[in-house]
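Here's the letter readout for the chains.
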Protein chains: 2
Amino acid sequence: MAAVEVTAGIIIIGNEILSGRTQDSNLKHLAIELNEWGIRVKQAIVIPDIEATVISTLQAYSNAYDYVFTTGGIGPTHDDITAECVAKAFDEELIQHPEIASLIRSRPAEPEVMESRLLMARVPQSAGLIDNPTGGPQGFYIRNVYVMAGIPFVMQAMLSSLKDKLRGGARIHSRSVTAFLGESQISRTLGAIQSRFPSVDIGSYPFSKDGRYATNLVIRGTDESLLDQTLTEICQLIEAAGETPLDIEVG
Amino acid sequence: MAAVEVTAGIIIIGNEILSGRTQDSNLKHLAIELNEWGIRVKQAIVIPDIEATVISTLQAYSNAYDYVFTTGGIGPTHDDITAECVAKAFDEELIQHPEIASLIRSRPAEPEVMESRLLMARVPQSAGLIDNPTGGPQGFYIRNVYVMAGIPFVMQAMLSSLKDKLRGGARIHSRSVTAFLGESQISRTLGAIQSRFPSVDIGSYPFSKDGRYATNLVIRGTDESLLDQTLTEICQLIEAAGETPLDIEVG
């Protein structure tokens, strides 16, 4: 049976990432977690808080991938435009969701502050909710688009509540091995191995350690027996070059 | 005189970022450094090592932005396809650049290893070189596209060699201030301030510290006197809410 590939695109919304103020860490977390669920991140994009850009990106990603995950722009301030853009992207009205509103109202505040907080209850009319285990306002989803907070610990909490609720495909597994060899010492044979195992993906990542060239080789794919065969051949390649395969990891 | 905006798009090429193996740090460095030079990062995209995707992204970004910077995919292994894709994107032949080849040949190696290393000398025929102060093979540029290594310290070295060689526009300056206030306590007045100063960009970033809600407000724009006026109004807003403006920073 051919492995079914289930894909995702990630949209990171926020001027603060593009200005360099904030180091994004949501992409890495999403990539690792979604892969565990059998969902493969195929592309990620970082876009500013500009309505037309957010809308067109949402539409393009929703068409291109099985799932889309957005982070950022769902707070109560003027630069939080994600919910409105999602509604416009799918031609829906923005409504106040009673369940989010009720959660927000359960914590008392002055009327003006409450009115601002309730901006976080706005969702497109057909949206379902994404639980927020931190206790704050929920995220939401509409069609194949999952809208989450930008603050990493809130995003991670929202994502955890989606576990086992999304349809995953074949999980990507990995094998990795390191050797004190420069990439150029192995690139030809490595390329030949890649050609013989086209359904696995071999990545080669050079680094230096203690003043010596080293390369980390990562093999990824859905078929674990193919990964093991590829790993065996790569270990033979390392030994043929007079070095020892180090730090073998199975993922 | 109206401020000239000079724009950039960033293309991060590499399966390792999309799999979650590697945390990207190049975007943040590029954003901060380019901003110092008066070049504003408008969008960034992370794409896999797939030829058609790399080519179409290069073409789209080259058309959309004044400058495009790519990171990743210029080593000697089978997954290093950036140079070839750049050549194809601009319909040029891939040649061996004599200056890069000469640098590579200056370090002796077995014939087969040398042949692999020389793959790093491949550039599109009209390419100019980007110096590599780490001593490794150079990066290159063609038209408005600057092709750099993915390894952060090499990318940073290559970028540093471009300083004062690119045409910058008005530099973006910033002011920032923090207060122990939740976003909802200030969002309405903050939105009104943003409306009165449409040419500055006010970002609101909530966090919690010592169990209290806090918000970091960042004002960005090219006109420093407008930034100062906006900062003054935001500080008044914070004081009117009974709090003290903290950690004021000028950038």
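Parameters and conventions
- Residues numbered from 1 in each chain as written.
- Chains lettered and ligands numbered in written order.
- Predicted model: local features only at pLDDT ≥ 70, side-chain atom pairs only at ≥ 80, totals over all residues.
- Helix = DSSP H or I, 4+ residues; strand = E, 2+ residues; numbered from the N terminus.
- Buried ≥ 20, exposed ≤ 12 C-beta atoms within 10 Å, placed from the backbone.
- Contact = placed C-beta atoms within 7 Å.
- Pairing = 2+ DSSP bridges.
- Nonpolar A, V, L, I, M, F, W, Y, C, P; charged D, E, K, R; others polar.
- Least-squares fit on C-alpha atoms with pLDDT ≥ 70 in both.
- Axes fitted to C-alpha atoms, helices over the stretch in contact; angles between N-to-C directions.
- Parallel < 35°, antiparallel > 145°, perpendicular 65-115°, else oblique.
- Left-handed = near helix turned anticlockwise from the far one by under 90°.
- Domains from an automatic or database assignment.

**Q** Got a minute to help me understand the overall build of chain A in this structure?
**A** Within chain A, the secondary structure is distributed over 9 helices and 12 strands. With the C-alpha coordinates aligned to their principal axes, the bounding extent of chain A is approximately 75 × 45 × 30 Å. Within chain A, buried positions represent 47% of all 251 residues.

**Q** Any chance you could explain helix α2 (residues 26-36) of chain B here in plain terms?
**A** Count 3.6 residues to each turn of an α-helix, and residues three or four apart come out pointing the same way. By the burial criterion, the buried members of α2 of chain B are Asn26, Leu27, Lys28, Leu30, Ala31, Leu34 and Asn35 of chain B. As for α2 of chain B, its buried residues are in contact with α1 (15-18) and β2 (39-47) of chain A together with β1 (6-13), β2 (39-47), β3 (67-71) and α7 (152-162) of chain B. Gly38 of chain B sits one or two positions beyond α2 of chain B and adopts a positive phi of about 80°.

**Q** Is there a simple way to explain the pairing of β1 of chain B in this structure?
**A** Regular strands have side chains that alternate between both faces of the sheet. Residue and element names in this part refer to chain B. The element β1 is largely enclosed, with a buried count of 6 among its 8 residues. Across 8 bridges, β1 lies against β2 in parallel orientation. In the sheet register, Ala8 faces β2, and the bridge partner there is Val41. Two elements, β1 and β3, share 5 bridges in a ladder whose sense is parallel. Among the inter-strand pairings, Ala8 is bridged to a residue of β3, identified as Tyr67.

**Q** Please clarify how the interface of chain B and chain A should be interpreted in this entry.
**A** By a widespread convention, an interface's size corresponds to the accessible area lost as its parts come together. If you look at the interface, chain B gives 45 residues, while chain A gives 45 residues. Ranked by the residues each element gives to the side of chain B that touches chain A, the list is headed by helix α8 (residues 183-196) of chain B, at 8 residues. In terms of residue class, the side of chain B that touches chain A is built from 16 nonpolar, 18 polar and 11 charged. Here 3 bridges tie β2 of chain A to β2 of chain B, and the two strands are oriented antiparallel to one another. Pairing of Val46 of chain A across the sheet is with Ala44 of chain B, part of β2 of chain B.

**Q** Just checking my understanding: could you explain the relation of the copies chain B and chain A for this structure?
**A** What relates the two chain copies is a rotation about an axis together with a slide along it. When chain B is fitted to chain A, the residual RMSD is 0.0 Å, and the transformation amounts to a turn of 180° plus an axial shift of 0.0 Å. Taken together, the rotation and translation describe the operation of a two-fold axis. By C-alpha distance to the rotation axis, the residue of chain B lying nearest is Ile45 of chain B, at 2.2 Å. With an isologous cut-off of 70% or more, the 100% of interface residues of chain B that recur at the interface of chain A puts this contact in the isologous class.

**Q** Could you clarify how one ought to interpret the pairing of strand β10 (residues 201-209) of chain B in this entry?
**A** Residues and elements named next belong to chain B. Across 9 bridges, the pairing between β10 and strand β11 (residues 212-221) is antiparallel. Its bridge partner lying in β11, Asp201 is registered against Arg220. Connecting β10 to the antiparallel partner β11 that follows it, the hairpin turn spans 2 residues, and Asp210 within it adopts a positive phi of roughly 50°.

**Q** How should I be thinking about unusual backbone geometry in this particular structure?
**A** Glycine aside, residues mostly have negative phi angles, and peptide bonds mostly take the trans form. Residue and element names in this part refer to chain A. Residue Asp164 is not a glycine yet carries a positive backbone phi of 70°. Structurally, the position occupied by Asp164 is in the loop between α7 (152-160) and β9 (173-179). Classification of Asp164 by C-beta neighbours within 10 Å gives exposed; the count is 7.

**Q** Would you mind going over the sheet that holds β10 of chain B with me for this structure?
**A** Backbone hydrogen bonds are what pair the strands of a sheet, in a parallel or an antiparallel way. All names here are of chain B. Reading across the sheet, the 4 strands line up as β10-β11-β9-β12 and stay open at both edges, with antiparallel pairing between neighbours. Every other strand in the sheet has two partners, leaving β10 and β12 (246-250) as the edge strands with one partner each. Averaged over neighbouring strand pairs, the angle between their axes works out to 15° when direction is ignored. Packing against the sheet, α8 makes contact with β10 and β11, and its axis sits at approximately 170° to β10. Across the sheet, helix α9 (residues 224-240) touches β9 (173-179), β10 and β11, and the angle it forms with β9 is around 5°.

**Q** Sorry, what's going on with the packing of helix α3 (residues 51-64) of chain B against helix α4 (residues 82-89) of chain B here?
**A** How two helices pack is summed up by the angle between their axes together with the distance between the axes. All names here are of chain B. Running from amino to carboxyl end, α3 crosses α4 at an angle of 55°, the nearest separation of the two axes being 9 Å. Considered as vectors, α3 and α4 are oriented oblique to each other. In the packing of α3 onto α4, the handedness of the crossing is right-handed. Across the interface between the two elements, Glu51, Val54, Ile55, Leu58 and Gln59 of α3 pack against Thr82, Cys85, Val86, Lys88 and Ala89 of α4.

**Q** Explain the environment of Ser204 of chain A to me, please; I cannot follow it from the model alone.
**A** Residues and elements named next belong to chain A. Here Ser204 shows up in strand β10 (residues 201-209). Overall, Ser204 belongs to the buried group, with 22 C-beta atoms counted inside 10 Å. Sequence spacing of Ser204 and Pro48 is 156 residues, and the spatial spacing of their C-alpha atoms is 32 Å.

**Q** Help me understand the sheet that holds β9 of chain A, please; the structure alone is not making it clear to me.
**A** Residue and element names in this part refer to chain A. Within the open sheet, the 4 strands sit side by side as β10-β11-β9-β12. Their pairing is antiparallel. Both outer strands of the open sheet, β10 and β12 (246-250), are each paired with one neighbouring strand and no more. Put simply, the sheet's adjacent strands are angled 15° from each other on average, direction ignored. Pairing between β9 and β12: 3 bridges, direction antiparallel. Bridge pairing in β12 links Arg175 to Val250.

**Q** Looking at this structure, I do not really get the domain arrangement of chain A. What am I missing?
**A** Taken as a whole, chain A is organised into domain 1 (6-160) and domain 2 (173-250). The C-alpha centroid of domain 2 of chain A is placed 38 Å from the C-alpha centroid of domain 1 of chain A.

**Q** How do you make sense of the environment of Arg196 of chain B when you look at a structure like this?
**A** Within the secondary structure layout, Arg196 of chain B lies in helix α8. A sequence separation of 34 residues divides Arg196 of chain B from Thr230 of chain B, and the C-alpha atoms of the two residues are 9.2 Å apart.

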